[in-house]
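Residue strings, one per chain:
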Amino acid sequence: MSDAIDIAANLATIRARIAEAAIRANRDPAAVTLVAVSKTHPAESVLTALAAGQTVFGENRVQEAQAKFPDLRASHPALRLHIIGGLQTNKARDAVAVADVIESVDRPKLAAAIAAAMAREDRRPDCLVQVNTGDETQKSGVSRDEADAFIRAAREEHGLPVAGLMCIPPAEGDPRPHFAYLRNLADRHGLAVVSMGMSGDFEAAIAEGATHVRVGTAIFGRR
Ligand SMILES: *Cc1c(COP(=O)(O)O)cnc(C)c1O
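Calculation notes
- Residues numbered from 1 in each chain as written.
- Predicted model: local features only at pLDDT ≥ 70, side-chain atom pairs only at ≥ 80, totals over all residues.
- Heavy atoms only, no water.
- Near = heavy atom within 4 Å.
- Polar contact = N/O pair within 3.5 Å; in protein donor to acceptor, adjacent residues only side chain to side chain.
- Nonpolar A, V, L, I, M, F, W, Y, C, P; charged D, E, K, R; others polar.
- Buried < 20%, exposed > 50% of the residue type's maximum accessible area, 1.4 Å probe, protein only.
- Helix = DSSP H or I, 4+ residues; strand = E, 2+ residues; numbered from the N terminus.
- Pairing = 2+ DSSP bridges.
- Right-handed = clockwise from strand over helix to strand, strands pointing away.

Draft legend 1. View of the site of the ligand. Every residue near the ligand is listed here: Val37, Lys39, Asn60, Ile84, Ile168, Met198, Ser199, Arg214, Val215, Gly216, Thr217 and Arg223. Between the ligand and Ser199, the relevant distance is 2.5 Å, taken from an oxygen atom to a side-chain nitrogen or oxygen of the residue. Broken down by class, the residue content of the shell around the ligand amounts to 5 nonpolar, 4 polar and 3 charged.

Draft legend 2. Just the pairing of strand S2 (residues 56–59), in detail. Of the two faces of S2, the one lined by Val56 and Gly58 and the one lined by Phe57 and Glu59 are each fully buried. In this sheet, S2 lies alongside strand S1 (residues 33–37) in parallel orientation, the contact comprising 2 bridges. Directly across from Ala36, in S2, lies its bridge partner Phe57. Following the chain from S1 across helix H2 (residues 43–51) to the adjacent parallel S2, one finds a crossover that is right-handed. Relative to strand S3 (residues 80–83), S2 runs parallel, the two sharing 4 bridges. The residue bridging Val56 from the neighbouring strand is Arg80, located in S3. In terms of handedness, the path from S2 via helix H3 (residues 62–75) over to S3 forms a crossover that is right-handed.

Have a look at this one:
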């Protein structure tokens with residue numbers, strides 16, 4: 001079938017493009033982690049990617065992650081799961097139980113719920129603060145104006161293990177100023193992890209300092 005999705009070949013292509021983008025930016029290709037976004041795709045697709053050496057995955061719904069990943073984790077201990085979608089407070093405990101990284105911490109109530117869940121679950125996944133760099137009303141993420149205060153509160157008041165920042169720039173327009181803004185904000189807070197860039201713009205994100213790129217469609221095909 002000419003339109004069959006070859007996940008292993010797609011992964012090889014994306015890895016090569018990541019390495020080229022890193023080298024063009026005078027960066028170490030090993031400093032960029034590929035998060036393979038498997039949302040809506042079945043566990044079999046994740047298994048194919050695991051067989052091709054991919055270990056880091058992203059899901060945006062906690063329920064879907066719970067349905068797919070515990071079994072995969074049992075057979076693949078190296079697997080790392082990132083929750084990348086907007087989180088409701090009542091899903092915080094499930095997110096803490098299933099994830100290795102929560103990329104979508106964006107408000108005080110959620111930060112408090114995650115902190116409480118960490119205590120109950122005795123598990124401390126790394127947290128990223130999601131910043132709504134375009135200040136778009138429909139999008140999750142803390143606004144630019146509130147980002148500094150929220151990053152400090154997440155770490156100091158809520159005691160979360162904040163490792164870095166995440167953003168999804170507006171669909172229209174040049175994403176690069178958004179990527180540059182996020183990298184700069186992370187640097188000012190001494191945060192090492194910057195998760196930005198998707199199928200359509202991960203090379204630009206790497207040029208601006210992304211440490212994690214979240215790629216779905218270009219690996220697993222259309223949703
Ligand atoms: C779905 C999703 C991605 C992947 O997007 P693609 O365009 O399919 O690569 C990345 N980040 C987040 C937060 C997503 O929800």
